[in-house]
Amino acid sequence: MADRTPPPRSADLLAAYELGLLDADDRVRVENALAEQPDLLDDLYDAAPETQLLLADPGRFAGAARAALDTPPRWRTWLDTLSRPRVLAPVALAAALAAVMLWPDGAPRYLTELADPRPLPAIQLELRSGAAEADAGYHQAMAAYIDGRWHEAAAGFATALAAAEPAWGHRDQAHLYAGSSLLLAERPLDALASLQAAAASPLPPVREQARWQLAQAHLLMGQADAAREHLDALRGSPVFGDRVTDLLDTLGSAP
Amino acid sequence: MDRAPVNEPLDALRLRAAHGDSGAEAALFVDLRVRFLTLAKRRVQPDHAEDVVQEALGVVLRKYRDLPGDRGLLVWSLTVLRNVIGNHYQSRRRDADQTVQVDDWHRVPEARLAGDPVGQLMDEQAAATMEQAIAELARTAPRCGNIFANLLSSLEQGGGPREVSSRALAMMQADTPDLTRNSFYVALHRCRARLRAILDRTEVAHG
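Residues numbered from 1 in each chain as written. Chains lettered and ligands numbered in written order. Predicted model: local features only at pLDDT ≥ 70, side-chain atom pairs only at ≥ 80, totals over all residues.

A. Structural detail: helix α12 (residues 204-220) of chain A. Residue and element names in this part refer to chain A. Here α12 contains 17 residues, and its C-alpha end-to-end distance of 24 Å stays within 8% of the 24 Å for a straight helix at 1.5 Å per residue. Buried residues dominate α12, accounting for 14 of its 17 residues. Phi turns positive one or two residues past the end of α12, at Gly-222, with a value near 75°. (Helix = DSSP H or I, 4+ residues; strand = E, 2+ residues; numbered from the N terminus. Expected span 1.5 Å × (residues − 1). Buried ≥ 20, exposed ≤ 12 C-beta atoms within 10 Å, placed from the backbone.)

This is the structure in structure tokens:
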């Protein structure tokens, strides 16, 4: 079949390049792009050991992928069990009772497994002597965040926000990190308000990070539609675009 | 970056160099040096970057002729550079306390990946982690699982780049007849990014 799709960007050929699939012309194109774009070269460098591992024993890893594909997801196994006549009635009754008792806290597992609430990049800035109370609180909270003390970090950012003047320069970031801390502390419901405040930021990096974290929070709570809404808003993001497309694809194929 | 665009893949230069073309070998190492310096300057202190690059180029020079023909030189040589940088951090850590700059703090765990690249490849733990990551990818994103299963099977069967990619594409087209080669490559790139994200998460979880 003739390939009439537009030629991919060099960056989109990187996986095909590292796995040795490209013809000479495309290899030259990618190698020239790697020479011009240090960030692209960084990607190749970071992934190099994994690539070598994949190439060292491709059959083994193909087998791992096939085995996982051939194993029905847990929800399908449950459905198969449910469909047996002997267990259908009592199990359906039990499920109905469980739904009444647990909803809305019992989030579907396939959605929670899609969530990826990882920590945000964080750098500790130097605190000047005589810093305002909000700045000092923010500094302490960020130290807790970098150390992975999520509850302490969330409380610290909240304290900093409470002490801050209305025009405080770190307000949006404090909301973002407070929300992220709560998310990482497995309190997605509590994280929503902070993340929504950060999502209204005029700063695109803060706004986009907040949207992404909101999507993760809704996935953790089993709210696929709300997650989709935030992901849709990130489709054009140069940072999140690819991940968003993948996640939306996966959400689309989820049960 | 101080390097003019070229019209010959690095692996073509490598093959000519391995067959005794000294001009090709010189051009190859000039090219690699520029790329290595770009990476090293982002990872070690500026006055150490040139030393690290020279050491890595020395390893590549000693070993590149033994590289199997179907292995890409650049990806392999970046593994060498990575290990040299890892060793550099280890030796500095032995000599003194951390001198990692603030914006490099998150790179420290990566620098721990020191050692012989061949030995690292054979590390069963790394392979087991990769197996688990690929299985997780296949469970959470079946399309990506299919792409990797077909592509890796095709790589296992061997052949040149066109043969490997055409065979994998044909397997994918059994389920998705409209899939083009370009779309396949783009989908592969996205799935590769997902796999990396799973591996990163595993690395963080396991320290």
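B. Looking closely at the packing of helix α9 (residues 150-163) of chain A against helix α10 (residues 171-184) of chain A. All names here are of chain A. Viewed as axis vectors pointing N to C, α9 and α10 meet at an angle of 155°, and their least axial separation amounts to 8 Å. By the angle class used here, α9 and α10 are roughly antiparallel. α10 is crossed by α9, and the crossing has left-handed handedness. For the pair α9 and α10, the contacting residues are Trp-150, Ala-153, Ala-154, Phe-157, Ala-158, Ala-160 and Leu-161 in the first and Arg-171, Ala-174, Tyr-177, Ala-178, Ser-181, Leu-182 and Leu-184 in the second. Taken together, the residues of the contact of α9 with α10 break down into 12 nonpolar, 1 polar and 1 charged. (Axes fitted to C-alpha atoms, helices over the stretch in contact; angles between N-to-C directions. Parallel < 35°, antiparallel > 145°, perpendicular 65-115°, else oblique. Left-handed = near helix turned anticlockwise from the far one by under 90°. Contact = placed C-beta atoms within 7 Å. Nonpolar A, V, L, I, M, F, W, Y, C, P; charged D, E, K, R; others polar.)

C. Representation of unusual backbone geometry. Residues and elements named next belong to chain A. The backbone of Glu-186 shows a phi angle near 60°, a positive value even though the residue is not glycine. Looking at where Glu-186 falls in the secondary structure, it is placed in the loop between α10 and α11 (188-199). Among the residues examined, Glu-186 registers 11 C-beta atoms within 10 Å and is labelled exposed.

D. Up close: the packing of helix α1 (residues 10-18) of chain B against helix α2 (residues 22-41) of chain B. Residues and elements named next belong to chain B. Direction vectors running N to C along α1 and α2 enclose 140°, while the axes themselves pass 8 Å from each other. Viewed along their axes, α1 and α2 adopt a mutual orientation that is oblique. As for the relative orientation of α1 and α2, their crossing is left-handed in sense. Packed against α1, whose contacting residues are Leu-10, Leu-13, Arg-14, Arg-16 and Ala-17, the element α2 presents Ala-24, Glu-25, Ala-27, Leu-28 and Asp-31 at the interface. Taken together, the residues of the contact of α1 with α2 break down into 6 nonpolar, no polar and 4 charged.

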